[in-house]
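Here is how the chains run, residue by residue.
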Amino acid sequence: MNRTLYTLLFHLGLPLIALRLAWRAWRAPAYARRIAERFAFGLPPLRPGGIWVHAVSVGESIAAAPMIRALRERHPQLPITVTCMTPTGSERIRAMFGDQVQHCYLPYDLPWAAARFQRLLKPKLAVIMETELWPNHIHQCHARGVPVVLANARLSERSARGYARFHALTAPMLAELSWLAVQTEAEAERFRSLGARPEAVTVTGSIKFDLRIDPELPVRAAALREQWGAMQRPVWIAASTHAGEDEIVLAAHRQLLAERPDALLILVPRHPERFNAVFELCRREGFAAVRRSGGEAVTASDSVLVGDTMGELLFLFALADIAFVGGSLVPNGGHNLLEPAALGKPVLSGPHLFNFLDIAAQLRDNGALVEVADACALRSAIAGLWHDSAAAARMRDAGLAVLKANQGALERLLAGLARELG
């Protein structure tokens, strides 16, 4: 399938896209707003001639934040426009940057929408985070002489097989990229085999290792736990959970409560549209649950705190003694394991980590990650760490050592972006 056929199919699929948007709006009403932006109409006033950064949703926005802040410092004369595809990503961008950056949804990958967006924005440089590849947007930049960088690029073996099935579309698109700053050599080879120009591919590492923790964050977390009277309570967090994982996590917590009746679970669903359902699930399963959004203090009788707020995940990690990272007990590919590691927490996950193979391997090989397959294994791992403080300390130190050993990717990425800007 080439780009012309792709574009035709995209147009023919617009009714299905509209139905999907309506379904998502039914689950999360924010999807019903700003629809015109998705077709490059009704865009906010955009100062042209700057740097355009695309981060599809929350995870990519958070990963891009240090890069965006550094770009603002190094190129203060250039406006920075940050686009995304989801309401939660939009909320996160606004929470992190306010009016320091320009922001809108990225229009759908239709040639006329992409062209209109480019005419309004006139960027000097386009930076796409990780693997959000849209052939028409990339082609419109290339046709206008705008360098396009794929930053912090990752490509799992499974995703590479998917792209390979559409070689006539994928190869020309990758060849139009000016630079691919890739996380690992294995991923670099996958990009080359799919059609990226070998001279345009560089292994820079993952900028997620360059995470910097605000020293006030653990202090605020300790103060809140003291306010709750929970300094002596064993507290664990299950973060970024997906459908099918919450039941496993709650089953493990029920077993832990049999041993430690004062145990507290902080349960944080990945997607806001699941907040209510997960809270109701906790109540249905007989747990004394409270919602973080309610603002009330956690009491000794509460056994689950549902983290139903946006932008607080690092703080919630800081509240816990042990962290389980979701999206990994189900075949979703996992989520960022480095945030809890950077906070000095022993890290647990399920076995499905294909989106973070290199990071997971480094943490595992250095003793900073324990993988579990079910509720019994999760309970056993958490209980073991609660009982063996020396083992927990070894995991903490190992995680921090892995982070320190891999830092520097952000500086390498910024140097490359400066070259692309000329």
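Only a predicted model underlies this, so the values are computations on that prediction, with no experimental measurement involved. (Residues numbered from 1 in each chain as written. Predicted model: local features only at pLDDT ≥ 70, side-chain atom pairs only at ≥ 80, totals over all residues. Heavy atoms only, no water.)

A. Layout of the packing of aromatic side chains. Counted under the stated rule, the structure contains 6 aromatic pairs. With a centroid separation of 5.9 Å and an interplanar angle of 85 degrees, the aromatic rings of Tyr6 and Phe10 are classed as edge-to-face. With Tyr6 and Phe10 both in helix α1 (residues 3–12) and 4 residues apart, this pair spans about one turn of that helix. Of the two residues, Tyr6 and Phe10, both sit in the buried class. Ring plane angle 50 degrees and centroid distance 6.4 Å describe the contact between Phe10 and Tyr108, whose orientation is recorded as tilted. Taken together, the residues span a long stretch of sequence, with Phe10 in helix α1 and Tyr108 in the loop between β3 (102–105) and α5 (111–121) at a distance of 98 residues. In this pair, the class of Phe10 matches that of Tyr108, namely buried. One aromatic cluster is present, built from ring pairs that chain together Tyr6, Phe10, Phe39, Phe41, Tyr108 and Trp112. Note that Arg38 overlies the ring of Tyr105, its terminal NZ or CZ placed 4.1 Å from the centroid. It is Arg419 that lies over the ring of Trp179; its NZ or CZ is 5.9 Å from the centre. (Phe/Tyr/Trp six-rings, centres within 6.5 Å; stacked < 30°, edge-to-face > 60°. Helix = DSSP H or I, 4+ residues; strand = E, 2+ residues; numbered from the N terminus. Buried < 20%, exposed > 50% of the residue type's maximum accessible area, 1.4 Å probe, protein only. Lys NZ or Arg CZ within 6 Å of the ring centre and 35° of its normal.)

B. Geometry of the nonpolar core. Counting 42 residues, the largest nonpolar core has Leu150, Leu177, Leu180 and Phe191 as its most contacted members. Judged by nonpolar contacts, the second largest core, of 39 residues, contains Val268, Leu305, Leu337 and Leu343. (Core = buried A, V, L, I, M, F, W, Y, C linked by side-chain atoms within 4.5 Å.)

C. Structural context of the environment of Glu371. Looking at where Glu371 falls in the secondary structure, it is placed in strand β14 (residues 369–371). A relative accessible area of 31% means that Glu371 is categorised as partly exposed. When the C-alpha positions of Glu371 and Gly307 are compared, they lie 23 Å apart, and in sequence the two are 64 residues distant. Residues within four places of Glu371 in sequence aside, it is in contact with Ser349, Gly350, Pro351, Leu353 and Arg364. Polar contacts involving the side chain of Glu371 include one to the side chain of Arg364, which spans 2.6 Å. (Contact = heavy atoms within 4.5 Å. Polar contact = N/O pair within 3.5 Å; in protein donor to acceptor, adjacent residues only side chain to side chain.)

D. View of the packing of α1 against helix α6 (residues 135–143). α6 packs onto α1 with a crossing angle of 125 degrees between their chain directions and a minimal axis gap of 10 Å. If you check the angle between α1 and α6, you find them oblique. Where α1 abuts α6, its residues Arg3, Tyr6 and Thr7 lie against Pro135, Asn136 and His139. Among the residues forming the contact of α1 with α6, the class breakdown is 2 nonpolar, 3 polar and 1 charged. (Axes fitted to C-alpha atoms, helices over the stretch in contact; angles between N-to-C directions. Parallel < 35°, antiparallel > 145°, perpendicular 65-115°, else oblique. Nonpolar A, V, L, I, M, F, W, Y, C, P; charged D, E, K, R; others polar.)

E. Representation of the UniProt feature "site: Transition state stabilizer" (unreviewed entry) in the protein chain in the model. Sites flagged by UniProt as "site: Transition state stabilizer" (unreviewed entry) map to Glu130 and Lys208. The largest pairwise C-alpha distance within this set of annotated residues, which runs over 79 residues, is 11.2 Å, so the set is compact in three dimensions. Looking at where Glu130 falls in the secondary structure, it is placed in the loop between β4 (125–129) and α6. Ignoring anything within four residues of it in the chain, the contact list for Glu130 reads Glu60, Ala63, Leu150, Ala151, Asn152, Ala153, Arg154 and Lys208. In contact with Lys208, not counting residues within four places along its chain, are Ala63, Glu130, Asn152, Asn336, Leu338, Phe356 and Leu403. (UniProt positions renumbered as here; feature names shortened; annotations may be inferred.)

F. Summary view of the sheet that holds strand β8 (residues 235–241). Read across the open sheet, the 7 strands follow the order β10-β11-β9-β8-β12-β13-β14; overall the sheet is parallel. Edge positions in the open sheet fall to β10 (289–291) and β14, since each of these has one partner strand only. Taking the axes of each pair of neighbouring strands and ignoring which way they run, one obtains an average angle of 20 degrees across the sheet. (Pairing = 2+ DSSP bridges.)

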